[in-house]
Amino acid sequence: MVAVVGISRVRARQFSLRHSIFAHRRIPLIAFLSLLLLVCLIILSLGIGSRALTPTETFQGLFSPSTTTESIIVWKLRLPRTLAAIVVGASLASAGVLMQALTRNPLAEPGLLGVNSGAAIAVVSAVAFFGITSTGGQVWFALAGAALAACLSFLLGSTRSRSQDSVTRLILAGVALNACFGSITGIITMFNSVAFDSHRFWVVGSVAERTYGSIAAVTPVILVGLVAGLLLIKPLSVLALGDDCAASLGLPLPIIRVTALTAITLLCGGATALAGPISFVGLAVPHALRILVGNKLSRLLPMSLIAGPILMLGADILGRVVAIPNEIEVGIVTAFIGAPILLWLVMRINSTPKTPRFSKTMRADCSSKNYCTAPSESLNHAKRKHLPHAGRA
């Protein structure tokens, strides 16, 4: 039985080493292909719409600004929309990576934890009670609402326990806050027709008809959140080992959590103020990247700045072409894509095997050496006997 344990460990180490080397070598290729795909989507976004442009007309309108129809379409309509999709996609994807790293929960996403709903109710309140309709004024209300929702979700969900129950409580707290904020938003829009007219177009999430001024208003806020998130890569990687381990290494856990929540709030608040509440981008992108580049935060966060815009631009282009001459808002398309991904993740987690599996070669080696399959008690006894320090933690 000791030989079985030794064989399994040696082969596991060999497989892990080969997998890590292969993953390390393919990351530059994945990054290059992702950038190439992003450039192609940008060109398509500038050319596709109710008035389709050929690649030649797109480049002429982009690089030779004039009073021609093509140039006006590119510079006044589609370039701001494309830039808004890039900014919002990068913000929500990086916020999702940070949220999952902070909570150590693969299902954590700013929309699921109430951050987007908090920003939405703040913006609706700004329109209804203060008459603020400009993006530059709404961004501060969105940030305040996102901060309040983030603090409430985290306090309600993760203050009493360090066990897995705290993760479940965090998700349930976010769901409850979403319902609460949604009902308050409904009450406000019910009794205020101006807020209702503004809210019914804004709440679905869209990057259409955005201006350069709107993008410029939220860009500094989002940049601060991105810089803070990049600076947190190493502390959050250590925090993934557990609170006790991180504290023993001298990390200031309260400062790290507050800084991470601030970065998430800035990213989500700025994105929501610019495009409205857009769901599932922060959930779908991190899980897709984990399949491609692994679980290291130092790879996930930079790659999310490319993958997020890819998803947003792809969803926006899809929304333009499926209902020509009309359009489907990008928030509807991302929700349509993200909901099946969430269901697949839940099914994958529930179907994860809890016991190790031995390959046919290992079983053949064991049978040829007369190492019969022993009960779990015998295996645990052998581990304790030959590995006396394994049970001490």
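For the structure itself, look to the data block above.
Residues numbered from 1 in each chain as written. Predicted model: local features only at pLDDT ≥ 70, side-chain atom pairs only at ≥ 80, totals over all residues. Heavy atoms only, no water.

S.K.: How do you make sense of a nonpolar patch on the surface when you look at a structure like this?
M.R.: On the surface, Leu318, Val321, Val322, Ile324, Phe336 and Ile337 cluster together into a nonpolar patch covering about 560 Å² of accessible area. Of all the elements in the fold, those that place two or more residues in the nonpolar patch are α13 (297–321) and α14 (330–350). The topology assignment puts valine 321 in helix α13. A relative accessible area of 38% means that valine 321 is categorised as partly exposed. (Patch = residues over 30% accessible without salt bridge, like charges linked within 9 Å, V, L, I, M, F, W, Y side chains within 5 Å. Areas by Shrake-Rupley, 256 points an atom, 1.4 Å probe, with all protein chains shown as cover. Salt bridge = Lys/Arg side-chain N within 4 Å of Asp/Glu carboxyl O. Helix = DSSP H or I, 4+ residues; strand = E, 2+ residues; numbered from the N terminus. Buried < 20%, exposed > 50% of the residue type's maximum accessible area, 1.4 Å probe, protein only.)

S.K.: I'm lost on the packing of helix α12 (residues 281–293) against α13 in this one. Help?
M.R.: Between α12 and α13, the least distance of the axes is 9 Å, while the angle of their chain directions is 125°. By the angle class used here, α12 and α13 are oblique. Seen along the crossing, α12 lies across α13 with a hand that is right-handed. On α13, the residues touching Val281, Ala284, Val285, Pro286, Leu289, Arg290 and Val293 of α12 are Arg299, Leu300, Met303, Ser304, Ala307, Gly308, Leu311 and Met312. Among the residues making up the contact of α12 with α13, the classes are represented as 11 nonpolar, two polar and two charged. (Axes fitted to C-alpha atoms, helices over the stretch in contact; angles between N-to-C directions. Parallel < 35°, antiparallel > 145°, perpendicular 65-115°, else oblique. Left-handed = near helix turned anticlockwise from the far one by under 90°. Contact = heavy atoms within 4.5 Å. Nonpolar A, V, L, I, M, F, W, Y, C, P; charged D, E, K, R; others polar.)

S.K.: Hey, could you run me through unusual backbone geometry in this one?
M.R.: Residues other than glycine predominantly adopt negative phi, and peptide bonds predominantly adopt the trans conformation. With a phi close to 60°, glutamate 209 is a non-glycine residue in the positive phi region. Residue placement: glutamate 209 occurs in the loop between α7 (193–202) and α8 (212–231). Although it is not a glycine, phenylalanine 280 sits at a positive phi angle of roughly 75°. By the secondary structure assignment, phenylalanine 280 is in the loop between α11 (253–275) and α12. The buried category is assigned to phenylalanine 280, whose relative accessible area is 14%.

S.K.: In this structure, what is going on with the pattern of salt bridges? I would like to understand it.
M.R.: Once the charged atoms of two side chains with opposite charge are near each other, the side chains can pair. Overall, the coordinates contain four salt bridges when judged by the stated rule. The salt bridge involving glutamate 70 is made with arginine 51; its shortest N-O contact spans 3.5 Å. A residue pair is termed long-range when its members are at least 10 positions apart, and glutamate 70 in helix α3 (residues 69–103) and arginine 51 in the loop between α1 (2–47) and α2 (55–63) qualify at 19 residues. For arginine 51, a relative accessible area of 34% gives the class partly exposed. Arginine 81 is paired through a salt bridge with glutamate 327; the nearest N and O atoms lie 2.9 Å apart. Placement of arginine 81 in helix α3 and of glutamate 327 in the loop between α13 and α14 is noted, with a sequence separation of 246 residues between them. It is possible to trace a salt-bridge network through shared partners that takes in Arg81, Asp316, Arg320 and Glu327.

S.K.: Help me understand the side chain of threonine 185 in this model?
M.R.: With respect to the secondary-structure elements, threonine 185 resides in helix α6 (residues 164–191). A relative accessible area of 8% means that threonine 185 is categorised as buried. A polar atom in the side chain of threonine 185 sits 2.8 Å from the backbone oxygen of phenylalanine 181. (Polar contact = N/O pair within 3.5 Å; in protein donor to acceptor, adjacent residues only side chain to side chain.)

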